[in-house]
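# Reading the structure
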Amino acid sequence: MRKRSVDTDSFELKVIDVVEETPDARSITVEVPEGAEEQFAYRPGQFLTVAVPSDRTGVAARCYSLSSSPVGDGPLTITVKRTAEGYASNWLCDNVRVGDTLRVLAPSGIFTPASLDADLLLFAAGSGITPVMSIIRAALAGGTGRITVLYANRDERSVIFAAELRRLAAEHPDRLRVVHWLESVQGLPTQEQVRAFAADHLEDDAFVCGPAPFMAMTVAALKELGFPRARRHQEKFISLGGNPFGDLHDVEVAEQEIESAEADPEDAAAAPVPGAEAAAPAAAVRLEVELDDETHAFDDWAPGTTMLDHLEAKGVKAPFSCREGECSACAVRLLEGEVSMRHNDVLDAEDLADGIRLACQAEPVTDVVRASYS
Ligand SMILES: Cc1cc2nc3c(=O)[nH]c(=O)nc-3n(C[C@H](O)[C@H](O)[C@H](O)COP(=O)(O)OP(=O)(O)OC[C@H]3O[C@@H](n4cnc5c(N)ncnc54)[C@H](O)[C@@H]3O)c2cc1C
């Protein structure tokens, strides 16, 4: 075990509504405290990290995507689906009431369209509809493109947002098409069927969120159709291993054993990590980072320190969530130079080849590193 102190900027948000979406899923709406509006400005598809109380560990930190739309200043809503035997999802569904508070980190994440005016091809399965719903709502309210959705569920009872999707599709017949795929009726969707569905949308921006086999199959279909990496976005729903709410106590973090990777080049654990073999530079490194239309430049990034730690030490409010290389909230794109990553559970070989790195895990291996958060 290694021990680590983490400073976080967490917020207590008041719960103002709880809605039972299906027997297994609840939407929880929270109020942003006065003065924190800027921190809670979010993009459709982003998520909150929630501190779920635990007698065992103090906090179980879990990410939940916002299902609400940032267009129009409405309150923030997350939608939580019970995981069989899961701790946090069941705790949230069983315990959270109007008037309670939830401790959260500000919104994060990169599963978000570059433009709301783009034509969007959205694939969701089960709780994967949550960020997709945010994208649909925001694009309809604030954009101009056409939106095509394939939404897979076990059966009719498990369809989250069924009525809302029906209403939106009726209101925007020229812009929104939703195709429901019920396993109870059609069986599991196959790669061939998804390929056929996507074939008329080759120029769209594609977003995929759902259980791992659904995502792997859908991404494989998109690849077969030649969707470039830049127009294929995925959100992996995993449970964080660490605790970014570290101001409660020092955090005991189990050293992660990287599981022996199977030979799947898409698998993050299997992806060769650029820079892994490189020796650390002897002296301090120049770091230039583009974030929110500003460039931050420093000449004293110490080898052995992560990019995120260095930026925070310099007072830069860089995005992060898990700090464990598991969630991609801190993803940057390298513009120059190279870094090595201590741990990577989320970026696949193509992400790495595209220059994407996790700032919370990135240590310098070249004398100059330039990176962008956009
Ligand atoms: C970016 C992102 C967005 C996501 N968005 C959504 C979303 O919109 N909706 C959604 O439903 N899910 C979402 N998820 C998934 C979500 O974060 C959780 O992974 C999911 O809810 C399952 O968590 P769980 O604790 O219920 O289950 P598990 O993680 O499977 O629970 C088991 C784990 O809890 C631990 N545990 C058991 N008992 C305790 C205890 N008493 N105290 C502490 N730990 C305990 C166990 O050791 C085990 O590790 C998202 C995930 C990510 C990464």
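See the structure shown above.
Now for a quick tour of the structure. (Residues numbered from 1 in each chain as written. Predicted model: local features only at pLDDT ≥ 70, side-chain atom pairs only at ≥ 80, totals over all residues. Heavy atoms only, no water.)

## Examining the sheet that holds strand β18 (residues 356-358)
Filter applied, for reference: In short, DSSP must find at least two bridges between two strands for them to pair. Numbering of helices and strands runs from the N terminus; a helix is a DSSP stretch of H or I covering at least four residues, while a strand is a stretch of E covering at least two. For helices, the fitted axis covers only the stretch in contact; all axes are lines through C-alpha atoms, and the angles between them, taken along N-to-C directions, range from 0 to 180 degrees.
Read from one edge to the other, the open sheet built from five strands follows the order β15-β14-β20-β16-β18, with strand pairing classed as mixed. Where the open sheet ends on each side, the last strands, each with one partner, are β15 (294-301) and β18. In this sheet, adjacent strand axes meet at a mean angle of 35° when their direction is disregarded. Bridging between strand β14 (residues 285-291) and β15 involves six bridges; their strand directions are antiparallel. Of the residues in β15, the one forming a bridge with Val289 is His296.

## Quick look at the pattern of salt bridges
As a reminder, the rule being used: Salt bridges, as used here, are contacts in which a Lys or Arg side-chain nitrogen is within 4 Å of a carboxyl oxygen on Asp or Glu. The buried label applies to any residue whose accessible area, calculated with a 1.4 Å probe on protein chains only, is under 20% of its type's maximum; exposed applies above 50%, and partly exposed to all values in between.
Using the criterion set out here, one finds 18 salt bridges in the structure. Where Arg146 meets Asp119, a salt bridge forms, and the shortest distance between an N and an O atom there is 3.2 Å. Of the two residues, Arg146 is situated in the loop between α2 (129-142) and β9 (147-153) and Asp119 in the loop between β7 (101-108) and β8 (120-125); the sequence distance between them amounts to 27 residues. Judged by relative accessible area, Asp119 falls into the partly exposed class, the value being 26%.

## Notes on the site of the ligand
Put simply, the rule is: We define proximity as follows: a residue is near a molecule or strand when any one of its heavy atoms falls within 4 Å of that partner. Whenever two N or O atoms come within 3.5 Å, that pair is a polar contact, provided that in protein one can donate a hydrogen and the other can accept it, and provided that, for residues adjacent in sequence, both atoms are side-chain atoms. Here, Shrake-Rupley sampling with a 1.4 Å probe gives the accessible areas, and only protein chains in the shown set may cover a residue.
Lining the immediate surroundings of the ligand are 23 residues, of which Ser54, Cys63, Tyr64, Ser89 and Ser239 lie closest. Cys63 is positioned with one of its backbone polar atoms (N or O) 2.6 Å from an oxygen atom of the ligand. Between the ligand and Lys81, the relevant distance is 2.8 Å, taken from an oxygen atom to a main-chain nitrogen or oxygen of the residue. When the ligand is considered free in solution it has 990 Å² of accessible area, and contact with the protein chains removes 80% of it.

## Things to note about the side chain of Thr29
Operational definition: Contacts: residue pairs with any heavy atoms within 4.5 Å of one another.
The topology assignment puts Thr29 in strand β3 (residues 25-31). Among the residues examined, Thr29 registers a relative accessible area of 10% and is labelled buried. A polar side-chain atom of Thr29 sits 2.7 Å from a polar atom in the side chain of Thr77. Excluding residues within four positions of it along the chain, Thr29 makes contact with Lys14, Val15, Ile16, Asp17, Pro75, Leu76 and Thr77.

## Some thoughts on the nonpolar core
Heads up, the condition is: Residues grouped as a nonpolar core are buried Ala, Val, Leu, Ile, Met, Phe, Trp, Tyr and Cys residues, joined through side-chain atoms within 4.5 Å.
Among the nonpolar cores identified, the biggest contains 39 residues, and Met307, Leu311, Val369 and Tyr373 are the most heavily contacted of them. Top contributing element to this core by residue count: β14, with four residues. Apart from the residues lying within four places of it in its own chain, the contact partners of Val369 are Val285, Arg286, Leu287, Glu288, Trp301, Met307, Leu334, Glu336, Glu338 and Val339.

## Here's the deal with α2
The line we're drawing: A helix is expected to reach a length of 1.5 Å times the quantity of its residues less one.
Here α2 is 14 residues long and its end C-alpha atoms lie 19 Å apart, about the 20 Å a rise of 1.5 Å per residue gives. With twelve of its 14 residues buried, α2 lies for the most part within the structure. Listed in full, the buried residues belonging to α2 are Ile129, Thr130, Pro131, Val132, Met133, Ser134, Ile135, Ile136, Arg137, Ala138, Ala139 and Leu140.

## Some details on the packing of helix α5 (residues 191-198) against helix α6 (residues 212-224)
Our working rule: Here the word oblique covers every angle except those under 35 degrees (roughly parallel), over 145 (roughly antiparallel) and from 65 to 115 (roughly perpendicular). A crossing counts as left-handed when the near helix is turned anticlockwise from the far one by less than a right angle, and as right-handed when that turn is clockwise. For this classification, the nonpolar set comprises Ala, Val, Leu, Ile, Met, Phe, Trp, Tyr, Cys and Pro, the charged set comprises Asp, Glu, Lys and Arg, and every other residue, Gly included, is treated as polar.
Viewed as axis vectors pointing N to C, α5 and α6 meet at an angle of 50°, and their least axial separation amounts to 8 Å. Accordingly, the angle class assigned to the pair α5 and α6 is oblique. Both α5 and α6 take part in a crossing whose hand is right-handed. Contact with α5, carried on its side by Gln191, Val194, Arg195 and Ala198, involves Met217, Thr218, Ala220, Ala221, Leu222 and Glu224 of α6 and no other residues of that element. Considered class by class, the residues forming the contact of α5 with α6 number six nonpolar, two polar and two charged.

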